[in-house]
Amino acid sequence: EEEVTLPSSSAYAEVDTLEELDVVEEEVVEEKKQELENLFVAPSVPDVVIPIAPPVAPAPEVEKDDDFVEEQIFETGVPKRIATGHEVMLQGFHWESHKSEWYDIVSARVEQIRDAGFTQVWLPPSADSLAPQGYLPRNLYNLDSHYGSAEKLKSLTRKMKENNILPVLDAVLNHRCATHQGANGKWNRWEGTGIDWGEWAISNEQPDFAGSGNAPTGDVFHGAPNIDHTQEKVRQDLCQYMKYLTSDEVGFGGIRFDFSKGYGGSFTGEYVRACEDNVEFAVGEFWDTMNYGVGLEYNQDSHRQAIVDWVDETGGCCAAFDFTTKGILQEACGRGEFWRLVDAKGRAPGVIGLWPARAVTFLDNHDTGSTQAHWPFPGNRVGQGYAYILTHPGTPCIFWDHYFDWGDDLRKQIDSLLHIRNAMKIHARSVLKIEQAKDNLYAAKIDDNVAIKLGCEHWEPKGDGWTVGAFGDDWCVWTLTK
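Let me begin by describing the structure that accompanies this report. (Residues numbered from 1 in each chain as written. Predicted model: local features only at pLDDT ≥ 70, side-chain atom pairs only at ≥ 80, totals over all residues. Heavy atoms only, no water.)

**Comments concerning unusual backbone geometry**
Leaving glycine aside, a negative phi is the common case for residues, and trans is the common case for peptide bonds.
Step number 1: One non-glycine residue, Asn184, lies in the positive phi region at around 60°.
Step number 2: Of note, Asn184 is situated in the loop between strand S4 (180–181) and strand S5 (187–189).
Step number 3: Even without glycine at this site, Asn440 takes up a positive phi of about 70°.
Step number 4: Relative to the helices and strands, Asn440 is located in the loop between strand S13 (432–438) and strand S14 (441–446). (Helix = DSSP H or I, 4+ residues; strand = E, 2+ residues; numbered from the N terminus.)

Next up, the structure:
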């Protein structure tokens with residue numbers, strides 16, 4: 001500690017009156033007091049210097065009417081809705097949905113979902129399953145599940161398509177529970193299911209199931225037999241199965257691939273391409289552990305690169321959930337550490353900073369949130385989180401619980417943000433310009449006509465024509481009218 005010595009009279013300048021002497025003495029004491037206090041102030045995180053990031057190049061401008069942008073094709077050779085990029089997904093269930101006649105519940109809200117601006121709904125796993133939630137599938141062609149009957153499922157997908165909502169299948173293809181026991185009493189055979197396999201279809205690193213197939217091409221899921229996707233017969237059967245689920249008879253038009261890191265991305269690409277034009281959108285769950293030191297590390301480049309590499313393995317025909325953005329965003333919002341929301345090159349730090357057209361952003365899902373709550377977004381910052389993902393590039397996904405079960409106030413905030421995204425035509429490839437990223441403040445512009453501020457510090461866009469379009473606790477969004 002620094003010893004503070006009150007100044008002697010020689011420290012004062014020459015003064016003419018006692019009043020002037022009092023003023024000078026107060027100034028010196030205050031200066032010394034401030035020096036002492038400074039010794040106990042923790043250093044603040046320095047402002048991140050934001051370089052100018054090269055934006056994702058927009059497609060060439062074409063003179064068309066105002067509605068044309070909704071159908072503008074940015075890419076070819078990929079599912080239609082990935083090519084256009086004007087998507088907003090709703091996760092249409094939570095971890096406890098199997099306890100209700102869930103298809104009926106979703107069906108009753110289709111019009112509300114449509115009017116809010118959602119373009120697709122991710123439905124729960126539809127096949128017969130050992131676990132009621134659907135993530136331990138068994139008889140794949142049996143579509144009677146704990147969520148409702150096969151006929152109710154087909155009725156729901158028809159109704160959704162009639163309302164221009166894409167029904168998204170939750171495809172659990174990494175593992176499959178057996179229907180029969182094989183040699184030595186191991187559960188490793190399937191009979192009478194339409195897809196009848198044996199030990200040969202199970203990868204060889206699970207002694208509990210005595211698989212005789214090849215080594216796994218990804219991480220092992222220990223709760224059920226892991227399917228060997230290198231087997232040609234397996235891939236043929238799964239391609240046929242996916243074509244059935246995306247046919248007019250069943251009605252799915254999009255696919256979400258569960259536990260995508262359990263098998264090679266090339267196989268995922270094969271299953272998407274087998275469905276041809278029946279699949280308009282596809283996304284994989286490549287959930288890996290983020291980089292931690294003393295807390296979450298600032299640099300998560302290797303984490304997001306692993307997701308991008310998986311998308312590359314699919315041939316680019318599949319998007320991926322942006323777990324990198326989720327992890328960084330919840331840390332930034334929960335702690336006010338908004339310096340995390342820009343990388344060293346001035347880009348967004350998640351997958352949306354590298355390949356926004358393949359990034360599906362989200363705050364929570366049935367695993368991270370809901371009653372499982374394995375990795376939940378801070379509850380008092382959910383509105384702030386949605387302000388970020390609904391104004392930024394990528395394809396945002398809203399969790400059912402947040403929209404329907406967390407109260408009118410949050411739903412109204414989400415509705416206002418959905419309105420802005422649709423009205424201002426923000427899409428997966430929109431251009432992001434980050435203007436501030438430091439403790440207690442994040443500010444950015446999207447396509448030069450939407451501005452956002454997160455955090456308790458004051459900021460607003462400069463210039464005329466900006467109006468507040470939506471706001472909440474420590475966040476605000478402006479739109480520019482030209």
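**Here's the deal with the sheet that holds strand S12 (residues 395–399)**
Step number 1: Around the barrel, which closes on itself, the 8 strands sit in the order S1-S2-S3-S6-S7-S10-S11-S12 with parallel pairing between neighbours. Strand-to-strand, the axes of this sheet are offset by a mean angle of 25°, without reference to chain direction.
Step number 2: Sitting on the sheet, helix H8 (residues 301–313) touches strand S7 (281–284) and strand S10 (319–321), and the angle it makes with S10 is about 150°. (Pairing = 2+ DSSP bridges. Axes fitted to C-alpha atoms, helices over the stretch in contact; angles between N-to-C directions. Contact = heavy atoms within 4.5 Å.)

**Remarks on the packing of helix H6 (residues 232–245) against helix H7 (residues 265–274)**
Step number 1: In contact at an axis separation of 8 Å, H6 and H7 are set at 45° when each is read in the N-to-C sense. Taken together, H6 and H7 sit at an angle that is classed as oblique. As for the relative orientation of H6 and H7, their crossing is right-handed in sense. Here Arg235, Leu238, Cys239, Met242 and Lys243 of H6 lie close against H7, whose contacting residues are Phe267, Glu270, Tyr271 and Ala274.
Step number 2: Classifying every residue of the contact of H6 with H7 by side-chain character gives 6 nonpolar, no polar and 3 charged. (Parallel < 35°, antiparallel > 145°, perpendicular 65-115°, else oblique. Left-handed = near helix turned anticlockwise from the far one by under 90°. Nonpolar A, V, L, I, M, F, W, Y, C, P; charged D, E, K, R; others polar.)

**As for the packing of aromatic side chains**
Step number 1: According to the stated counting rule, one finds 20 aromatic pairs in the structure shown.
Step number 2: Between Tyr103 and Tyr147, the ring centres sit 6.5 Å apart and the planes meet at 40°, which makes this aromatic pair tilted. Placement of Tyr103 in helix H3 (residues 102–108) and of Tyr147 in the loop between strand S2 (120–122) and helix H5 (150–162) is noted, with a sequence separation of 44 residues between them. The pair Tyr103 / Tyr147 is uniform in exposure class, with both members buried.
Step number 3: Ring plane angle 75° and centroid distance 5.8 Å describe the contact between Trp459 and Trp478, whose orientation is recorded as edge-to-face. (Phe/Tyr/Trp six-rings, centres within 6.5 Å; stacked < 30°, edge-to-face > 60°. Buried < 20%, exposed > 50% of the residue type's maximum accessible area, 1.4 Å probe, protein only.)

**Examining the nonpolar core**
Step number 1: Judged by nonpolar contacts, the single largest core of 122 residues is most densely connected at Met242, Phe257, Tyr386 and Tyr442.
Step number 2: Once residues lying within four places of it in the same chain are set aside, the contact partners of Met242 are Leu169, Ala171, Leu173, Ile255, Phe257, Tyr271 and Cys275.
Step number 3: Within the second largest apolar cluster, 8 residues are counted, among which are Leu441, Ala443, Ala451 and Trp466. (Core = buried A, V, L, I, M, F, W, Y, C linked by side-chain atoms within 4.5 Å.)

**Structural notes on the pairing of S7**
Step number 1: Side chains Phe281 and Val283 project from S7 onto one buried face, and the interleaved Ala282 and Gly284 project onto a second face that is buried too.
Step number 2: Where strand S6 (residues 254–257) and S7 come together, 4 bridges link them in parallel fashion. Residue pairing across strands places Arg256 opposite Val283, the latter belonging to S7.
Step number 3: For the handedness criterion, the β-α-β arrangement of S6, H7 and S7 is classed as right-handed.
Step number 4: When S7 meets S10, the two strands line up parallel, connected through 2 bridges. Along S10, the bridge assignment pairs Val283 with Ala319. (Right-handed = clockwise from strand over helix to strand, strands pointing away.)

**What about the environment of Gly472?**
Step number 1: Following the sequence through the fold, Gly472 ends up in strand S16 (residues 466–472).
Step number 2: For the pair Gly472 and Gln384, spaced 88 residues apart in the sequence, the C-alpha separation amounts to 7.2 Å.

**Brief notes about the pattern of salt bridges**
Step number 1: Taken as a whole, this structure holds 32 salt bridges when the rule is applied.
Step number 2: A salt bridge links Glu75 to Arg429; the shortest N-O distance between them is 2.7 Å. Taken together, the positions of Glu75 in the loop between helix H1 (18–38) and helix H2 (80–84) and Arg429 in the loop between helix H12 (408–423) and S13 put the pair 354 residues apart, joining distant regions of the chain. (Salt bridge = Lys/Arg side-chain N within 4 Å of Asp/Glu carboxyl O.)

**Things to note about the environment of Val468**
Step number 1: Take Val468: it is sitting in strand S16.
Step number 2: Distance in space between the C-alpha atoms of Val468 and Ile452 is 9.7 Å, their sequence separation being 16 residues.

**A few points about the sheet that holds strand S15 (residues 450–454)**
Step number 1: If you trace the 5 strands from one edge of the open sheet to the other, you get S13-S14-S15-S17-S16, paired in antiparallel fashion. The two strands at the open ends of the sheet, each matched to only one other strand, are S13 and S16. Adjacent strand axes in the sheet meet at a mean angle of 15° when their direction is disregarded.
Step number 2: As paired strands, S13 and S14 are joined by 6 bridges and run antiparallel to one another. Counterpart to Ile434 in the pairing with S14 is Ala444.
Step number 3: Each of S14, S15 and strand S17 (475–480) is contacted by helix H10 (residues 382–391), which is oriented at about 155° to S15, the strand it contacts most.
Step number 4: Sheet contacts for H12: S15, S16 and S17; angle to S16, the most-contacted strand, approximately 145°.

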